[in-house]
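Chain by chain, the residues:
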Amino acid sequence: MDEHEDCECGYCHSAPFEAAEWEAKALMEYGFFIHYVTGNDPQSPSGFNSHTHGLDLIGGFDLQITVPLKPEIIASIFHDLAARMKSGRKFSNGEVLDDVLSRGYKCRLVLAEECERPVLRVIMPDPKGGIMPNDMDKNYRDAQYKDISSRE
């Protein structure tokens, strides 16, 4: 797992590589794996940093969510988007998706950086459904756009 040598996410930086066997198995079975960094991760504007490794190998970007959600919700979102990538779907910066979240909520994909690598951050809506920086609750905006606002 050479990619972990340069990764500075809270998980890779602090954890010994005891998880390498599990990660290799996940790569073989699913084509990617997910890290859930729930502490104060400097790679995230909110300190919460859930991200994938391996999706870039199938011609896409790895994914990131910076809003604290239950792991099973994040896994569902990542697996849904990964299945689409495996089927040849290419996602792009700024794309709005209306068929990922329940109850008619939309999410947005925005190019961000995590561990000095490009990722598509899945922008989660605020309680009113806002996903654009100028339409969001400040707390949601800061947790998701704070470190990429200059690119918007």
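As shown above, the structure is provided for reference.
What counts, and where the lines are drawn
Residues numbered from 1 in each chain as written. Predicted model: local features only at pLDDT ≥ 70, side-chain atom pairs only at ≥ 80, totals over all residues. Heavy atoms only, no water. Helix = DSSP H or I, 4+ residues; strand = E, 2+ residues; numbered from the N terminus. Buried < 20%, exposed > 50% of the residue type's maximum accessible area, 1.4 Å probe, protein only. Contact = heavy atoms within 4.5 Å. Areas by Shrake-Rupley, 256 points an atom, 1.4 Å probe, with all protein chains shown as cover. Salt bridge = Lys/Arg side-chain N within 4 Å of Asp/Glu carboxyl O. Polar contact = N/O pair within 3.5 Å; in protein donor to acceptor, adjacent residues only side chain to side chain. Pairing = 2+ DSSP bridges. Axes fitted to C-alpha atoms, helices over the stretch in contact; angles between N-to-C directions.

A. Spatial organisation of the overall build of the chain. Scanning the chain from N- to C-terminus turns up five helices and six strands. Counting from the amino terminus, the chain carries its helices and strands in the arrangement α-α-α-β-β-β-α-β-β-β-α. Every one of the 152 residues in the chain was classed for burial, and the buried ones make up 44%. Counted over contacts in the chain with a minimum sequence separation of 6, partners at least 24 positions apart contribute 42%. For the chain, the computed accessible surface area is about 8200 Å², with 50% contributed by carbon and sulfur atoms.

B. View of the pattern of salt bridges. By the definition in use, this model includes seven salt bridges. Notably, a salt bridge pairs R84 with D99, separated by 3.0 Å at the nearest N-O pair. In this pair, R84 is assigned in helix α4 (residues 71–86) and D99 in the loop between β4 (96–97) and β5 (107–114), connecting sequence segments 15 residues apart. A residue is classified by how much of its surface remains accessible, and R84, at 19% relative accessible area, is buried.

C. Seen up close, unusual backbone geometry. The phi dihedral of C115 is positive, around 55°, even though this residue is not glycine. With respect to the helices, strands and loops of the structure, C115 is situated in the loop between β5 and β6 (117–123). A positive phi is found at E116, a non-glycine position, where the angle reads about 60°.

D. Quick peek at the side chain of R84. A polar contact of 3.1 Å, which involves the side chain of R84, links it to the side chain of D80. The contacts of R84, once residues within four sequence positions are left out, are R89, F91, D99 and V100.

E. Just the sheet that holds β5, in detail. Spatially, six strands are ordered β1-β2-β3-β6-β5-β4 in an open sheet, and the strand pairing comes out mixed. In this open sheet, the two strands that pair with only one neighbour each are β1 (33–37) and β4. In this sheet, strand β3 (residues 62–65) lies alongside strand β2 (residues 49–53) in antiparallel orientation, the contact comprising two bridges. Of the residues in β3, the one forming a bridge with H51 is Q64. This element, helix α5 (residues 138–145), spans β5 and β6 of the sheet and lies at about 160° to β6.

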